[in-house]
Amino acid sequence: MIIDAHAHIYEILKGYGSKGEFRPIGGGRGIWATGKVEQFFPEEYGDTGFHAETLLKLMEEGDIDHAVLLQGGNYGFHNDYMAEAASKYPEKLTAVGAIDPYALYAEKIYDNLIESYKFKALKFEISSEWGLSGYHQALKINDEAFTKLLRKADAHGLTVTFDMGTKKMSSFDFKAFKEVTDTHKNVTFVMAHSFFPSSDGQNEERLSFAKQLTSDNFVMDFANVDIIGQAEYFRSLKKIIGADRMLWGTDVPGVLLQSSYKQLIDRVKESGIFTESELPLVMGENAKRVYLK
C-alpha cells in the first residue's frame, strides 16, 4: 500500500499569511495583497482550486493507494471541504484538520473538528513564510494558546503535524518542539519536511536535533525535499530515528510544477537510502499507523 502522507486539496485558493490575503486569478495562480503573483499548481489541474477528484485521478495514474490531506494558511483552511472529500472517498483520502490557536473560539473549533468532522489529526503550518507565524509574529508552539489545544489532543490521542519552516525562519524553534513532544506523550507528532535539509552547511545541526528527540512519539515526513541530493542526510537520519519513523509524502500539488507523481516515487527508490524491507514502511505502513487510525 502506497500512501502519500503529505498532500493538499482546496476547493478554492483563499489563503492568508505573511503577504496578506490571497485571491485566485485563474490557471492555478493567485495574487497576494503585496501584489506578488504566485503559481500554486499547473494550470492543467485546475483554475481557482485543486479538487479532490483531480488528486484522485493523479493518484490512480501514479498507482498511489491513499493520500493524507494536510492544510496550510497559504492555501486557506478548508476543514469542511476536507471532511466532505474524506467522507466521499474514505478508501482513498484521510483528512487532517487545521486551527488558528489564537482564534477567540479556538477550543470550540477544536471540539467541532473532533466531534462533528471526526478528524483524528491536526496540522499546524507555523512557518513564517507560509503559515501562522507570518501574521502571529510572537507565536510559540509551547505557549498557552497552543498548550490548550495540545492538552485536548493528548486526551484524544491525536496525531499533530507541525511545519516549522526552514531553519533560517523565525518560526523554526526546535527547543519548543522538543518540549511539546516530551510533555504530550499521548500525541503522535509529525515533523513535516524533516527539518528541510539543504546545502547550507547546517545539516549536522539538524541531525543533532533529531538525536535529542528521545521521546518515542514522533515521526518525520520528507515531503518536498530533494531526497537524492540530500541522500547523505537521510541515511544519517535513518540511523538516528529508524526507518519506522520516516514517512514519504509529496506536498502536491505545488511540486507538480517540477515533477510527476511517478518521478516522486521513483526518486525514493533510486536514492538507495532504504532497503527492500524498509521501503514498504516508508512508502505506506508508517503513514497508515500514524494517520489512518
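Residues numbered from 1 in each chain as written. Predicted model: local features only at pLDDT ≥ 70, side-chain atom pairs only at ≥ 80, totals over all residues. Heavy atoms only, no water.

Q: I would appreciate a short explanation of the overall build of the protein in the present structure.
A: Scanning the protein for helices and strands turns up nine helices and twelve strands. Its C-alpha atoms give the protein a radius of gyration of 18 Å, within 12% of the compact-globule value 19 Å for 293 residues. Each of the three principal axes of the protein carries a C-alpha extent, and together these read 45 × 45 × 35 Å. For the protein, the residues scored as buried account for 57% of the 293 residues in total. Sequence-distant contacts in the protein: of pairs separated by 6 or more residues, those separated by 24 or more amount to 72%. (Helix = DSSP H or I, 4+ residues; strand = E, 2+ residues; numbered from the N terminus. Rg over C-alpha atoms; globule rule 2.2 N^0.38 Å. Buried < 20%, exposed > 50% of the residue type's maximum accessible area, 1.4 Å probe, protein only. Contact = heavy atoms within 4.5 Å.)

Q: Help me understand the pattern of salt bridges in this model?
A: Two side chains with opposite charge may pair up if their charged atoms get near one another. Evaluated as defined, the whole model comprises eleven salt bridges. A salt bridge links Lys-19 to Glu-129, with the nearest nitrogen and oxygen atoms 3.0 Å apart. Of this pair, Lys-19 sits in the loop between β2 (16-17) and β3 (20-26) while Glu-129 is found in the loop between β8 (121-125) and α4 (144-156), placing the two residues 110 residues apart along the sequence. Owing to a relative accessible area of 13%, Lys-19 belongs among the buried residues under this scheme. One salt bridge in this structure joins Lys-152 and Asp-111, with 3.0 Å as the shortest N-O distance. One end of the pair, Lys-152, is in helix α4; the other, Asp-111, is in helix α3 (residues 106-115), with 41 residues separating them in the sequence. Using a relative accessible area of 24% as the deciding quantity, one classes Asp-111 as partly exposed. (Salt bridge = Lys/Arg side-chain N within 4 Å of Asp/Glu carboxyl O.)

Q: Please clarify how the pairing of strand β1 (residues 3-7) should be interpreted in this entry.
A: Each regular strand carries side chains that alternate between the two faces of the sheet. Most of β1 is tucked away, with five of its five residues classed as buried. Note: β1 against strand β6 (residues 66-69), three bridges, orientation parallel. When the bridges of β6 are listed, Ala-7 appears paired with Leu-69. (Pairing = 2+ DSSP bridges.)

Q: What am I meant to see in the pairing of strand β11 (residues 218-221) here?
A: With burial as the criterion, each face of β11 is covered, one bearing Phe-218 and Met-220 and the other bearing Val-219 and Asp-221. Relative to β11, strand β10 (residues 188-191) is paired through three bridges, and the arrangement is parallel. Note on β11: the bridge partner recorded for Phe-189 is Phe-218. Between the parallel pair β10 and β11, the chain is carried across by helix α6 (residues 203-212), and the sense of this crossover is right-handed. Taken together, the two bridges between β11 and strand β12 (residues 246-247) define a ladder with parallel strand orientation. Considered in β12, the bridge of Asp-221 is made with Leu-247. Read as a crossover between parallel neighbours, the route from β11 over helix α7 (residues 231-241) to β12 is right-handed. (Right-handed = clockwise from strand over helix to strand, strands pointing away.)

Q: I tried to follow helix α5 (residues 174-183) on my own but got confused; where do I start?
A: Those residues of α5 not exposed but buried are Phe-174, Ala-176, Phe-177, Val-180 and Thr-181. With its buried residues spanning 160 degrees around the axis, α5 presents them on a single face. Within α5, the exposed residues directed more than 90 degrees away from the buried face are Lys-175 and Thr-183. Considering only its buried residues, α5 is in contact with α4, β9 (159-163), β10 and α6. (Arc of directions from axis to C-beta.)

Q: Looking at this structure, how should I read the sheet that holds β3?
A: Working definition: the strands of a sheet are paired by backbone hydrogen bonds and lie parallel or antiparallel to each other. Spatial ordering of the open sheet is given by β2-β3-β4-β5, a layout of four strands whose pairing is antiparallel. The sheet terminates laterally at β2 and β5 (37-39), the two strands that pair on one side only.

Q: Teacher, can you tell me more about unusual backbone geometry here?
A: Keep in mind that most residues, glycine aside, have a negative phi and that most peptide bonds are trans. Note that the residue after Val-252, namely Pro-253, is joined by a cis bond; omega there is 10 degrees. Mapping Pro-253 onto the fold places it in the loop between β12 and α8 (261-270). The phi dihedral of Phe-195 falls on the positive side, at around 70 degrees, and the residue is not glycine. Within the secondary structure, Phe-195 sits in the loop between β10 and α6. Of note, Phe-196 is a non-glycine position whose phi angle comes to about 45 degrees, a positive value. One can find Phe-196 in the loop between β10 and α6.

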